[in-house]
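Each chain, letter by letter, is given below.
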Amino acid sequence: MGPLRNRLELSFSRRVSEKGRVARGRRHVVLATAFLLICAGGLAIAQNSSLFVPRYQEFADPDGRFANLNLGGPTDTTKNPFFLDLGTNGRRCVTCHQASDAWSVTPPHIQFRFDTTRGTDPIFRPVDGANCPIADVSTLGERREAYSLLLTRGLIRVGVAVPPTADYQVVSVYNQYGCNATDIISMYRRPLPTTNLPFLSAVMFDGRESSPATGTTKISYNNYPNSLLADLAHQSVDATVIHAQGDGTRPTPEEQQQIVNFETKIFTAQTRDRHAGDLDEDGAKGGPAPLSTQPFFISVNSSVHFLLPAFEQPGGLLAPGDGQFTARIFSLFDNWAHIDDRDYEKHDDYERRNSARRSIARGEEIFNTLEIPITGVAGINDDVAAGGLVAGGIPSLQGNCATCHDTPNVGNHSFPTPLDIGTGDPSPSNPSVNLGGLDLTYLPEITVCRKNATSGLPTSDCKTTTDLGQALIDGKFDHVGKIKGPILRGLAGRAPYFHNGSAATLMDAVNFYDTRFNLHLSQQDKNDLVAFLKIL
């Protein structure tokens, strides 16, 4: 670590210790109120000036505080390869996975790093930090323009080659940043958080690190957790080669194991809401400690297995194969639904706090019970041969939030089931927005057409989208645009949302679903849902 980087890390990091109350006793927490940035990314400073990630650490976010629970901690960052230079361009895993950003990166902190270093921090590298590698980065103004998607949306460019066996042809690419190649396609995606990883059913948005196409293993009930651990180890090498421009010799097998051990022992969740207060009071179960003990197995509470037992086996809620399913995915704030102001002394602060807690409980109930007419979702409504549920497809499936977010108290899908809900698809009536009405003008337009099986020429069966998703991995036209749903815990600390950053806020995300599926939610319903999502 160079002297300049050391000074920057120390200058913009601050350790503040306080005693925090929890239901089971007292604990020491690290409350990070500064930006805690620059390469080391939100690490506490030990008294001897060596950096470490403590066992428990809290950070401020726009809606309160979230906490990282490091079950393997404290972790010495001068020795763990997650925090070391393994490539050639100064990048480390922590460059894009910062403790202060719920182990992702957020635009305000990226902008701070840009301003502090004049756009020379390791996150700003043309290879994938720039909108296109050919961008001019010779001056401060040119760098600000070249890295605009990273600065405003927190997006990293992912260049993926079209599989040679693809049953489709990329017929046109309009990329306003100059990356118009039709053989290697530029996707722009948010860095997924390196926390809560034991709940993953696929690694990466497009599942490429859990696919035979990349020499990795699809995660299933029978091979978990070994498959997950192996996929994460493989991903650590690919990430170093691609993002840090390494030569493939590092991380070594031993270093891969160290990285995976560190990543899989971190759990992140919101601990305090600025309106509702501490999220472990009055019977609530917020925070990372309960999350770290949440039971999980691949296909747990599978909504698909419940509907079609031949799929997503073995299913089961309390035990594998028990045949149970519940749409009540979250049960963290049930007790707050019954808070009565009469149980507290008459005080405006209590009334505001209790009102906020009841709103959170209502939002949890909406998430658990809202009926959603699911239409036009690839992976659900299409024909089984294309990856849907039944032969001939289902024009409309009466589902709910649990249909796609079925893992109890976590919120991702418990089986590797990528879907295309339209976050990257231009609306037929207005191509500048996606199917939920969110801006897509900053993303490329990619048109692909299915090939004729005999001639190999493109047919008139075409689709225009901004991200080819799973189709870039397995080469299947029917999988264009399919993306996995991420884990929902720790949302408040890592805006913006969706794989392409199209939802700047959680209200934008809620409005997307309201528009996309014609839910006709009231403003109160939306407010309650957002209140709930913010405290996950």
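Here, every reference points to the structure presented above.
Below, the structure is looked at part by part. (Residues numbered from 1 in each chain as written. Predicted model: local features only at pLDDT ≥ 70, side-chain atom pairs only at ≥ 80, totals over all residues. Heavy atoms only, no water.)

**Regarding the sheet that holds strand β9 (residues 168-174)**
Okay, step 1: A sheet is described by the order of its strands in space; here three strands give the open sequence β9-β17-β18, paired in antiparallel fashion. Of all the strands in the sheet, just β9 and β18 (458-465) have a single pairing partner and so form its edges. Here the average twist between neighbouring strands, direction ignored, is 25°.
Okay, step 2: Here six bridges tie β9 to strand β17 (residues 445-451), and the two strands are oriented antiparallel to one another. Residue pairing across strands places Tyr 174 opposite Glu 445, the latter belonging to β17. (Pairing = 2+ DSSP bridges. Helix = DSSP H or I, 4+ residues; strand = E, 2+ residues; numbered from the N terminus. Axes fitted to C-alpha atoms, helices over the stretch in contact; angles between N-to-C directions.)

**Remarks on the packing of aromatic side chains**
Each aromatic ring pair is specified by the distance between its two centres and by the angle formed by the two planes.
Okay, step 1: Evaluation of the coordinates by the stated rule reveals 22 aromatic pairs.
Okay, step 2: Here the aromatic rings of Phe 82 and Phe 262 are separated by 5.1 Å at their centres, their planes lie at 55°, and the arrangement is tilted. Taken together, the positions of Phe 82 in the loop between β7 (75-76) and α2 (93-96) and Phe 262 in helix α7 (residues 253-263) put the pair 180 residues apart, joining distant regions of the chain.
Okay, step 3: With relative accessibility at 4%, the residue Phe 262 sits in the buried group.
Okay, step 4: Their ring planes at 65° and their centres at 5.1 Å tell us that Phe 498 and Phe 512 sit as a pair that is edge-to-face. A residue pair is termed long-range when its members are at least 10 positions apart, and Phe 498 in the loop between α12 (471-474) and α13 (506-516) and Phe 512 in helix α13 qualify at 14 residues.
Okay, step 5: Phe 498 gets classed as buried once you look at its relative accessible area, which sits at 19%.
Okay, step 6: Each member of the aromatic cluster is reached from another via a ring pair, and the members are Phe 82, Phe 83, Trp 103 and Phe 262. (Phe/Tyr/Trp six-rings, centres within 6.5 Å; stacked < 30°, edge-to-face > 60°. Buried < 20%, exposed > 50% of the residue type's maximum accessible area, 1.4 Å probe, protein only.)

**With respect to empty space enclosed by the protein**
Okay, step 1: Across all of its chains, the model carries four cavities of 30 Å³ or more by this definition.
Okay, step 2: Put simply, the largest cavity is a space of about 650 Å³.
Okay, step 3: In terms of lining, the largest cavity is formed by 39 residues, of which the most central are His 97, Pro 191, Leu 192, Met 204 and Gln 235.
Okay, step 4: Looking at the lining of the largest cavity, the elements with two or more residues in it are α2, β8 (156-161), α6 (226-243) and α7.
Okay, step 5: With six residues, α6 is the largest single contributor of residues to the lining of the largest cavity.
Okay, step 6: Of the residues that constitute the lining of the largest cavity, the class distribution is 20 nonpolar, ten polar and nine charged. (1 Å grid on protein atoms, 1.4 Å probe; cavity = no way out; pocket = protein on both sides within 12 Å on 5 of 7 lines; lining within 4 Å. Points joined across faces, edges and corners; volume = space filled by probe spheres on them. Nonpolar A, V, L, I, M, F, W, Y, C, P; charged D, E, K, R; others polar.)

**Concerning the packing of α6 against α7**
Okay, step 1: Two elements in contact, α6 and α7, have axes separated by 9 Å at closest approach and are oriented at 115°. You can see that α6 and α7 cross each other, and the crossing is right-handed. Between α6 and α7, the residues in contact are Leu 229, Leu 232, Ala 233, Ser 236 and Val 237 and Gln 256, Ile 259, Val 260 and Glu 263, respectively.
Okay, step 2: Partitioned by chemical class, the residues of the contact of α6 with α7 number six nonpolar, two polar and one charged. (Left-handed = near helix turned anticlockwise from the far one by under 90°. Contact = heavy atoms within 4.5 Å.)

**A look at the nonpolar core**
A general trend in soluble globular proteins is that nonpolar side chains are found buried together.
Okay, step 1: Phe 333, Trp 336, Phe 367 and Phe 532 are the most contacted members of the largest nonpolar core, which totals 48 residues.
Okay, step 2: Secondary structure elements with two or more residues in this core: α10 (348-369), β13 (371-374), α11 (401-404), α13 and α14 (523-534).
Okay, step 3: When near neighbours in sequence (up to four residues on either side) are disregarded, Phe 333 contacts Leu 279, Ala 284, Gly 286, Ile 360, Ala 361, Glu 364, Phe 532 and Ile 535.
Okay, step 4: One finds Phe 199, Ile 219, Leu 291 and Val 410 within the second-largest nonpolar core, a separate group that totals 20 residues. (Core = buried A, V, L, I, M, F, W, Y, C linked by side-chain atoms within 4.5 Å.)

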